[in-house]
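# Residue-level structure breakdown
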Amino acid sequence: MDEIITLMRPRLLSFRNRGPLGRTIRQRSGHVFLVVLGIVFWLGIFWGSHRVLAYFANIQELGEILAFKLMSVVVVTLLSLLVFSGILVTLSKLYLSKDLLLVHAMPVPAYKIFVARWIESAVDSSWMVIVFALPMFAAYGLIFRGPWFYYGTVAAVLVLLGVTACAISAVVIMVAVIVVPASRIRTIFVFVGLSLFIAFYVGIRVIRPERLVDPEVFTATLFYLKSMQSPSSPFLPSTWAYDALVAALDGRMGGACFHLGLLASFAAVLGFVMILVADAIYFKGVSRARRAPARLFTRRRLEFFWLSFLPGPVRALAVKEVKTFFRDQTQWSQLFLITALIGIYIYNFKVIPFDRTPVKTIYLQNVLAFLNMGLALFVLTAVAGRFVFPGVSIEGEAFWIVRSSPVRLRQFLWVKFFLYLVPLLVLTLVLIVSTNILLQVGPFMMVLSIVNVCFMVPGVVSLGIGTGAAYADFKSENPAQTLTSYGGLIFMVLSAFFIACVIMIEAGPVYSIFMARFQERSLGVTDRFWCVFSFVLAGGLCTVTAILPMMLGEKRLTRRLFA
C-alpha cells in the first residue's frame, strides 16, 4: 500500500503546489469564474429536474410511474457514460501517458503501478458525472420527501457506480490491448461510441416523442406506461442502484442497505478480478503500446491544386493543416456525428405540425425562421468549440517548427481562419437554407438569413481562433479537452454573447418589416431609419468581431512566445 501511495504522491503534490485558487491574479480569476459557472450550471440542473418532477407529481397515478421510470433511465445512462468515459481515460492513463517509461523503470510490481493509475482514472473519469448527477437525485428527495438516509444512499450509489464502471473499463481495455495495439484502440472506441450515439439519437428521433401529446395516441400510451415496471434484469449494477434509491426514497432502510450491499460486493469482486488480470497481462500490454502507431487507412495522395494561388510557404502551411486533420482519426471521424446531427436538426423542422397550431402559419413560420438563425449559430459555436478553438493548441510541442518556418504568426492564424471558415460557412448555410425551405418562408426572410450567416460565421470562427491562440496549451496530451479550460469557456461565452447581440439588434427592425409586409403597408421614415441603423450596427459588430479577436490573439500569443 505504501508503494501505491508513493506512486500517487506526484498527483497529490501537484494539487497542493497549485494552491486552491492559483498564484497569479489571472489564475485566481479564472478559477473563480470556473467555480461560479459550475455552481450556476449545477443549480440549473437542479431547477430543471425539480420543475419536471413537480409536474410529474401533479399527475395522479401516472406521474409517479413517469418519475421513477425516468430515474431508471437516468441510472442506466449514468452507468453507460461512466463506462465510456472510463474507457477513454483508462486507456490514456494506463497505456498512452508520456511518463509510463519512467514509472515502469521503478522497482515496483506492475500490478501496483496499475492500481495507482487505475485510482487516478476512476477519479478523473467519474467526478464530473457524479457531481452533476447529484442535483437530479436531490430533486427527487425534495419532491418525494425522502428521509435523511436517502441522500447518503445517493452518494454511495454514485461512488459505487463510478468504481464499477471504471473497473469494467479497465478489464475491457487490458484485454483489448493484447489483441489490438493501444495506438488504434482509441480510434476504434471513438468509432464505436459515435456509432452507438448516432443510432441511439436517430432511433429516439424516429420514434417521434412529440406524439405523446397527441390525443389520438394518448390512450394507448397510458396503457403502455401503466404496464412499465422497474428494470427487468436483476443481475445488472444499474438495477441494484435503482432499487437502492427507490427503497431509500420510500423510507425502507433495510431494502436500501441490501441493494447497496449487492452493488458494493459486485464492485469488490470485480476489483479483485481486475487486479488478477492486471498482474497477468498489464505489463505485456504496456510493451505492445510502445510500438509505432498504425494508420487506420492506407496512405493516399491528396491533390491541393485549389491552393495554388497562395505563396509557397503559406500554401505549404495550408496543405499541412489539411493533411493533419485527415490523419487524425479522432478529428475527422466526428464528421459522421455532425452529419447525423444535421440530419436530425433538419428533420425536426419537417415534422412541425403547422396545420394544428392556433397561430397563423405564415407568422409562425417567419418567427421560427428568424429564431432559427440564432439556433443554427449556436450549433456552429459547438462545432467550432470542438474543431476551431483547439486549432492552435493542436500543434503541440512541434509548434517550434511552425515558428522556424518563413511564415509570420499572423499568416499562420489567418490560414487557420480561412481553412475553418469555408466548411463551417457551408455547414451553416446548409442548415439555414434547408430549414427555411421546409418552413416555406418568404424571399425577405431567406435573403436576411443567408446574409446574416455570411456575416456572423466569420465572427464565430475569429473568436475561436483568437481565443484559442490567446489561451493556447501546447503541452496538452489531448488538445480537444482545451474546450473545458478557462479559455474554452471564454470562447463559448463570448460567442453566445455575440450571437445574442446580433439577434437582439435585428429583432425589432425585422418585426417591423415583417408586420408592414403582412399588413400590406409601407414603412414610415422613422422605421426606415431605425432599420438601416440597426442593420448597419449589426454589420459593424460582425466586422469588428471578425477582425479584433484575431489581432488580440496574435498579440497575446506573441507575448507568450517571446516573453
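For clarity, every value in this text was computed on a predicted model and none was experimentally measured.

## Digging into the overall build of the protein
Helix and strand counts for the protein come out as 19 helices and 0 strands. Per-residue burial over the protein gives 43% buried out of 563 residues. Once local pairs closer than 6 in sequence are excluded, the contacts in the protein between residues at least 24 apart make up 81%. Only carbon and sulfur atoms are counted for the fraction: they give 70% of the accessible area of the protein, which is about 30500 Å².

## Comments concerning the packing of aromatic side chains
Throughout the structure, instances matching the rule amount to 13 aromatic pairs. For the ring pair tryptophan 414 and phenylalanine 417, a centre distance of 5.0 Å and an interplane angle of 70 degrees mean the geometry is edge-to-face. Residue tryptophan 414 and its partner phenylalanine 417 are located together in helix α16 (residues 409-439), separated by 3 residues, close to a single helical turn. We classify tryptophan 414 as partly exposed; its relative accessible area is 25%. Its relative accessible area of 4% is what places phenylalanine 417 among the buried residues. Aromatic rings pair up to connect Phe68, Tyr140 and Phe144 into one cluster.

## Comments concerning the pattern of salt bridges
Applying the stated criterion across every chain, the model contains 4 salt bridges. Residue aspartate 124 is joined to lysine 93 by a salt bridge in which the shortest nitrogen-to-oxygen separation is 3.3 Å. Taken as a pair, aspartate 124 in helix α5 (residues 110-143) and lysine 93 in helix α3 (residues 62-96) lie far apart in primary sequence, 31 residues in all. Its salt-bridge partner being arginine 252, residue aspartate 250 comes within 3.6 Å of it at the nearest N-O pair. With relative accessibility at 46%, the residue aspartate 250 sits in the partly exposed group. Connected through shared salt-bridge partners, Lys93, Glu120 and Asp124 make up one network.

## A word on the nonpolar core
The biggest cluster of nonpolar side chains holds 67 residues, and the ones touching the most others in it are Met71, Tyr95, Phe114, Phe137, Tyr150, Met174 and Tyr282. Breaking this core down by element, the ones donating at least two residues are α1 (2-18), α2 (25-57), α3, α4 (100-104), α5, α6 (148-179), α9 (237-249) and α10 (253-289). With near-sequence residues (within four places) excluded, methionine 174 lies in contact with Tyr95, Phe114, Met274, Val277, Ala278, Ile281 and Tyr282. Counting 52 residues, the second largest nonpolar core, distinct from the first, contains Leu380, Phe412, Val461 and Phe474.

## Quick notes on unusual backbone geometry
In this structure, arginine 145 is a non-glycine residue whose phi angle is positive, near 55 degrees. Here arginine 145 shows up in the loop between α5 and α6. Judged by its relative accessible area of 75%, arginine 145 is exposed.

## Some words on the environment of methionine 446
Mapped onto the elements of the fold, methionine 446 is located in helix α17 (residues 443-470). The exposure class assigned to methionine 446 is buried, which follows from its relative accessible area of 18%. Placed 14 residues apart in sequence, methionine 446 and isoleucine 432 show a C-alpha to C-alpha distance of 8.4 Å.

## With respect to the environment of phenylalanine 68
With respect to the helices and strands, the residue phenylalanine 68 is situated in helix α3. Classification of phenylalanine 68 by relative accessible area gives buried; the value is 10%. Between the alpha carbons of phenylalanine 68 and tyrosine 140 there is a distance of 9.3 Å; along the sequence they are 72 residues apart. Excluding residues within four positions of it along the chain, phenylalanine 68 makes contact with Phe144, Tyr242, Val246 and Leu249.

## Some thoughts on the packing of α3 against α5
As a packed pair, α3 and α5 sit with axes 9 Å apart at the nearest point and diverge in direction by 155 degrees. Looking at the two axes, α3 sits roughly antiparallel to α5. α3 and α5 meet at a crossing whose hand is right-handed.

## With respect to α16
Between its first and last C-alpha, α16 extends 44 Å over 31 residues, near the 45 Å set by a 1.5 Å rise per residue. The largest bend in α16 amounts to roughly 25 degrees and is located at leucine 421, with the proline proline 423 lying one to four residues further along. Once α16 ends, the next one or two residues include glutamine 440, with phi positive near 55 degrees.

## A short note on the packing of α6 against α9
Contact geometry for α6 and α9: axes closest at 9 Å, N-to-C directions at 175 degrees. Here α6 lies roughly antiparallel to α9, going by the angle between them. Across from Phe149, Tyr150, Thr153, Val154, Val157, Leu161 and Thr164 in α6, the residues of α9 making contact are Pro237, Ala241, Ala244, Leu245, Ala248 and Leu249. In the contact of α6 with α9, the residues fall into 11 nonpolar, 2 polar and no charged.

## Things to note about the confidence of the model for the protein
For the protein, per-residue confidence averages 76 on the pLDDT scale, and residues scoring 70 or more make up 72% of the total. Predicted confidence is poor over residues 212-218, with pLDDT under 50, and the contacts of this stretch with residues over four places away or in other chains come to 4 contacts.

## Focus: a nonpolar patch on the surface
A cluster of nonpolar residues, Val544, Ile547, Leu548, Met551 and Leu552, forms a patch on the protein surface that exposes about 450 Å² of accessible area. Relative to the helices and strands, valine 544 resides in helix α19 (residues 525-562). The class of valine 544 is partly exposed, set by a relative accessible area of 47%.

Reading guide: rules and limits
- Residues numbered from 1 in each chain as written.
- Predicted model: local features only at pLDDT ≥ 70, side-chain atom pairs only at ≥ 80, totals over all residues.
- Heavy atoms only, no water.
- Helix = DSSP H or I, 4+ residues; strand = E, 2+ residues; numbered from the N terminus.
- Buried < 20%, exposed > 50% of the residue type's maximum accessible area, 1.4 Å probe, protein only.
- Contact = heavy atoms within 4.5 Å.
- Areas by Shrake-Rupley, 256 points an atom, 1.4 Å probe, with all protein chains shown as cover.
- Phe/Tyr/Trp six-rings, centres within 6.5 Å; stacked < 30°, edge-to-face > 60°.
- Salt bridge = Lys/Arg side-chain N within 4 Å of Asp/Glu carboxyl O.
- Core = buried A, V, L, I, M, F, W, Y, C linked by side-chain atoms within 4.5 Å.
- Axes fitted to C-alpha atoms, helices over the stretch in contact; angles between N-to-C directions.
- Parallel < 35°, antiparallel > 145°, perpendicular 65-115°, else oblique.
- Left-handed = near helix turned anticlockwise from the far one by under 90°.
- Expected span 1.5 Å × (residues − 1).
- Bend = angle between axes of the 7 residues up to and from the residue.
- Nonpolar A, V, L, I, M, F, W, Y, C, P; charged D, E, K, R; others polar.
- pLDDT = per-residue confidence, 0-100.
- Patch = residues over 30% accessible without salt bridge, like charges linked within 9 Å, V, L, I, M, F, W, Y side chains within 5 Å.

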